[in-house]
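# Per-entry structural report
Below are the chains, spelled out letter by letter.
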Amino acid sequence: MQTNYDVLIIGSGVAGLTCALHLADHLHVAIIAKSQLSEGSTFYAQGGIAAVLDKKDTLASHIEDTRIAGAGLCHSDTVAHVVKKGKSAIHWLIEQGVAFSVAEHDFPYHLTKEGGHSHRRVIHAADTTGKEVESNLEKKVRQHPHIHVFEQHIAIDLITSHKLYKRQDTPNYCIGAYILNTNNDTIITFQARCTVLATGGASKVYLYTSNPDTSTGDGIAMAWRAGCRVANMEFNQFHPTCLYHPKAKSFLISEAVRGEGGKLLLPDGSPFMSKFDPRAELAPRDIVARAIDHEMKRLGSSNVLLDISFKGKAFIQKHFPNIYQRCLTFGFDITQEAIPVVPAAHYTCGGIMSDLHAQTDIQYLYAIGETAFSGLHGANRMASNSILECLVFAKTAAEHILQHLHLNTTEHIIPSWDASRVTDSDEEVVVSHNWDELRRFMWDYVGIVRTNKRLARAKRRIDLLLHEIDDYYGNFYITSDLLELRNLATVADLIIQSAQQRKESRGLHYTLDYSSTVEDSRYDTVLTPHNFT
Ligand code: FAD
Ligand code: SIN
């Protein structure tokens with residue numbers, strides 16, 4: 001089965017939906033989502049979106065804070081590009097119907113604060129900003145006559161000219177993707193004049209994560225296999241505060257809780273953050289997560305505590321209604337007591353290398369949002385800069401596509417997916433076992449604190465798993481679990497290789513073998529696939 005669109009957007013978070021809405025008055029767009037449309041990290045975003053909106057704030061200050069959090073690796077052109085477009089991105093969201101929390105006085109909207117920000121500049125919808133953004137964009141997308149939504153469809157691989165015509169002497173360009181419809185297990189060939197990867201991050205590569213199940217790094221793995229370079233995969237962000245409870249599945253406790261005064265405490269009730277950084281609870285995330293990890297290991301404790309109870313019930317219920325309710329369901333009343341928290345994998349700072357127009361190494365292939373490496377975040381993303389990046393690059397990509405798409409009008413004869421040599425799996429357990437094993441050793445060996453020995457151990461294991469998964473993939477019908485496992489294994493390998501290349505500690509990459517930052521190592525870790533041209 002084959003279908004044709006002007007633009008194929010893989011991913012339906014804020015990046016994918018925003019890009020579609022900016023394109024759809026001019027072009028026919030397909031949006032592919034491997035779950036239901038709203039499922040992805042965006043929906044769960046809590047704290048808000050950083051932008052310079054207050055008269056007392058400045059673009060220069062937002063740029064400088066981003067740069068400091070990024071520990072020397074932010075690309076200054078990207079930071080300026082994103083920060084300058086912050087205000088218009090927020091206004092666009094308001095036009096789409098997004099209702100941000102209002103202020104009691106002064107500026108019409110309430111602005112909160114998070115780690116690394118020297119001003120209040122995070123606009124939010126209480127503590128469910130992502131839900132408010134995603135639901136409004138979803139409504140607009142579903143109403144648009146030129147946008148066709150394919151839910152429960154998972155992209156398998158990109159179709160490129162090099163693969164299709166088996167030659168590498170002309171520039172490689174993207175022609176679409178093979179997509180598995182998981183409702184009926186059929187594989188559809190989506191031909192498109194242009195393809196946008198908006199597939200989110202890869203934090204599911206770790207055992208404990210704040211992310212939903214969709215974050216399996218599919219876009220990064222697909223782009224890598226197709227011949228795109230990826231960069232800075234060693235910089236995995238661990239959010240300092242997820243609820244510690246066996247049933248809470250790493251439920252996030254927003255950094256805005258600390259922004260509004262929340263204190264981190266040891267199990268005996270004593271504060272500890274100012275021992276690690278003068279900015280204490282509001283130091284950038286890498287520093288706070290590492291401090292918590294250090295104290296937990298020092299004390300042999302399963303968690304530390306986060307206390308906001310002193311702000312009073314009315315304040316807490318107004319600012320953090322979702323966190324308050326969710327914690328209650330686990331037996332914690334945050335208006336009365338400190339709650340147990342631990343770090344968990346949260347954000348993928350590296351990704352598919354893309355330029356200021358969101359173009360990748362392959363023509364007519366764009367990467368936006370968390371799957372992309374735009375150069376904004378450097379070695380550590382500052383809080384609430386992610387949704388901002390998604391909004392800005394989704395629009396930039398759409399503008400570039402609208403200007404350049406007329407160049408690409410060729411129709412291709414693409415062979416259907418060939419499943420003639422595979423059979424039903426006789427050992428599904430291999431897939432689930434490998435999923436568990438991979439996520440556990442990534443957590444144990446490639447987590448907040450690394451060493452050469454741990455990385456080497458992880459590399460040996462991932463080499464073996466990659467081999468086994470390849471074998472399995474070549475012999476059995478594909479399922480979404482198998483596709484995700486294959487992608488997670490690719491991404492894990494890219495993370496380990498990148499971490500092994502960086503012989504220093506910087507931002508989110510901390511290793512006991514090279515514990516200081518080396519001034520001369522101010523460069524990105526760029527990995528190049530064998531089929532890169
Ligand atoms: P996502 O929203 O993750 O969407 C990815 C999409 O890709 C999904 O639709 C998924 O189904 C689809 N997809 C993936 N692979 C495939 C495939 N193979 N085939 C088809 N579809 C596929 N950032 C902030 O700036 N502010 C915050 O307050 C904030 N809070 C957060 C709270 C939580 C709990 C989490 C997890 C993250 C938070 N972040 C926050 C980070 C931010 O939410 C994400 O980085 C951002 O939303 C990513 O958007 P995206 O569109 O790139 O990807
Ligand atoms: C949070 O609310 O703490 C998450 C913010 C972010 O990841 O940017």
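Before any of the text, the structure's been laid out above.
Values in this document were obtained by computation on a predicted structure and should not be read as measured data. Sequence order as written defines the numbering, with residues in each chain counted from 1. Each chain is given a letter, starting from A, and each ligand a number, starting from 1, according to the order in which they appear as written. Local features in this predicted model are restricted to residues of pLDDT 70 or higher, and side-chain atom pairs are both shown and tallied only at a pLDDT of 80 or more, whereas totals for entire chains, interfaces and linings draw on every residue. Note that the side-chain values use all heavy atoms of the structure and ignore hydrogens as well as water.

What follows concerns the overall build of the chain. Here a strand is any run of E in DSSP of at least two residues, a helix any run of H or I of at least four, and the numbering for each starts at the N terminus. Helix and strand content of the chain: 16 helices and 18 strands. Radius of gyration here uses only the C-alpha atoms, and the compact-globule reference equals 2.2 Å multiplied by the residue count raised to the power 0.38. A compact globule built from 533 residues would reach a C-alpha radius of gyration of about 24 Å, and the chain, at 22 Å, matches this within 12%. Each principal axis of the C-alpha distribution contributes one length, and for the chain these read about 65 × 50 × 50 Å. Here the term buried applies to any residue with accessible area under 20% of the maximum for its type, exposed to any over 50%, and partly exposed to those in between, with areas from a 1.4 Å probe on protein chains only. Considering the chain as a whole, with its 533 residues, one finds that 62% of them fall into the buried category. Considering only contacts within the chain whose residues lie at least 6 apart along the sequence, 75% involve residues at least 24 apart. A positive count includes Lys and Arg, and a negative count includes Asp and Glu. His and the chain ends are not counted in either. By convention, the charge on Lys lies at NZ, on Arg at CZ, on Asp at CG and on Glu at CD. In the chain, 52 side chains carry a positive charge and 60 a negative one; their mean positions are 4 Å apart. The contact definition used throughout considers only heavy atoms, calling two residues in contact when any of these lie within 4.5 Å.

What follows deals with the site of ligand 2. Near ligand 2, the surroundings consist of Gln46, Gly47, Glu114, His239, Leu252, Ser254, Glu255, Arg285, His346, Arg381, Ala383 and Ser384. Here a polar contact means two N or O atoms within 3.5 Å. Within protein one must be a hydrogen donor candidate and the other an acceptor candidate, and residues neighboring in sequence count only if both atoms are side-chain atoms. Between ligand 2 and the protein, one listed contact pairs an oxygen atom with a side-chain N or O atom of His346 at 2.7 Å. All accessibility values rest on the Shrake-Rupley procedure with a 1.4 Å probe; residue burial counts only the protein chains present in the view. For ligand 2, whose free accessible area comes to 260 Å², the fraction covered by protein is 92%. Here, proximity means that at least one heavy atom of the residue falls within 4 Å of the molecule or strand.

For Ser12, the location among the structural elements is in the loop between strand E1 (2-10) and helix H1 (14-23). Spatially, the C-alpha atoms of Ser12 and Glu114 are 26 Å apart, while their sequence positions differ by 102 residues. Those residues in contact with Ser12 that sit more than four places away from it in its chain are Leu17, Ile31, Ile32, Ala33, Gln36, Leu37, Glu134 and Ala198.

Defined by distance alone, a disulfide is two cysteine sulfur atoms within 2.5 Å. Enumeration over the complete set of coordinates arrives at zero disulfides. Here Cys19 is not cross-linked by a disulfide; its sulfur's nearest cysteine counterpart is in Cys194, at 7.7 Å. When its relative accessible area of 0% is taken as the criterion, Cys19 is described as buried. You can call Cys194 buried: its relative accessible area is 1%.

Another aspect to go through is the environment of Lys113. Its location among the elements puts Lys113 in the loop between strand E4 (111-112) and strand E5 (122-123). Taking the relative accessible area as the measure of exposure, Lys113 reaches 24% and is therefore partly exposed. Separated by 359 residues in the primary sequence, Lys113 and Tyr472 have C-alpha atoms spaced 48 Å apart. Lys113 has contacts with Ser118, His119, Arg120, Glu255, Ala256, Gly259 and Glu260, leaving out every residue within four places of it along the chain.

Only protein atoms enter the 1 Å grid used here, on which a cavity is any set of points holding a 1.4 Å probe that cannot leave and a pocket is any open set flanked by protein within 12 Å on both sides along at least five of seven lines; residues with an atom within 4 Å of a point are listed as lining. Grid points are joined across faces, edges and corners, and a volume is the space filled by probe spheres set on the points. Within this structure, the stated rule accounts for four cavities of 30 Å³ or more. Taken as a whole, the largest cavity encloses approximately 60 Å³ of empty space. Along its surface, the largest cavity is lined by Gln46, Gly47, Thr112, His124, Ala126, Asp127, Ser254, Ala256, Glu260, His319 and Phe320. Each residue receives one of three labels: charged for Asp, Glu, Lys and Arg, nonpolar for Ala, Val, Leu, Ile, Met, Phe, Trp, Tyr, Cys and Pro, and polar for the others, Gly being one of them. Residues that form the lining of the largest cavity fall into these classes: three nonpolar, six polar and two charged.

Moving on, we come to the packing of helix H3 (residues 59-69) against helix H4 (residues 76-84). Comment: axis = line fitted to C-alpha atoms, over the contacting stretch for helices; angle = value between 0 and 180 degrees taken between N-to-C directions. Running from N to C, H3 and H4 cross one another at 135 degrees; their axes reach a closest spacing of 10 Å. When the interaxial angle is binned, H3 and H4 end up oblique. Considering how the two elements wind past one another, H3 and H4 form a crossing that is right-handed. When H3 is examined against H4, the residues Leu59, His62, Ile63 and Thr66 are found in contact with a partner set consisting of Val79, Ala80, Val83 and Lys84. Partitioning the contact of H3 with H4 into residue classes produces five nonpolar, two polar and one charged. Here the angle decides the label: under 35 degrees means roughly parallel, over 145 means roughly antiparallel, 65 to 115 means roughly perpendicular, and every other value means oblique. With the far helix as reference, a near helix turned anticlockwise by less than a right angle produces a left-handed crossing, and one turned clockwise produces a right-handed crossing.

Below, the discussion takes up the sheet that holds E5. For two strands to pair, DSSP has to find at least two bridges joining them. The strand order across the open sheet built from three strands is E3-E5-E4, with neighbouring strands paired in antiparallel fashion. In the strand order of this sheet, the two ends are held by strand E3 (49-50) and E4, each with one partner.

Here the focus is the pairing of strand E9 (residues 186-197). Here is the key point about a regular strand: its side chains alternate between the two faces of the sheet. A large share of E9 lies buried, amounting to nine of its twelve residues. With eight bridges joining them, E1 and E9 adopt parallel strand pairing. Bridging from a neighbouring strand, Val7 pairs with Cys194 of E9. Pairing of strand E8 (residues 174-181) with E9, which is carried by six bridges, proceeds in the antiparallel orientation. Paired with Leu180 across the strands is Ile187, a residue of E9.

The environment of ligand 1 is made up of 39 residues, and the closest members are Ser12, Thr42, Gly48, Glu370 and Ser386. Note that a nitrogen atom of ligand 1 is positioned 3.2 Å from one of the backbone N or O atoms of Lys34. Measuring from a nitrogen atom of ligand 1, one finds a side-chain N or O atom of Asp218 at 2.8 Å. Relative to its unbound accessible area of 1,000 Å², ligand 1 is 98% covered by the protein chains. For the shell around ligand 1, the secondary structure elements donating two or more residues are H1, helix H2 (41-44), strand E7 (153-160), strand E14 (339-348) and helix H13 (386-404).

Further remarks concern the side chain of Asn232. Along the chain, Asn232 turns up in the loop between strand E10 (230-231) and strand E11 (236-243). With near-sequence residues (within four places) excluded, Asn232 lies in contact with Leu73, Cys349, Gly350, Phe373, Gly378, Arg502, Asp524 and Thr525.

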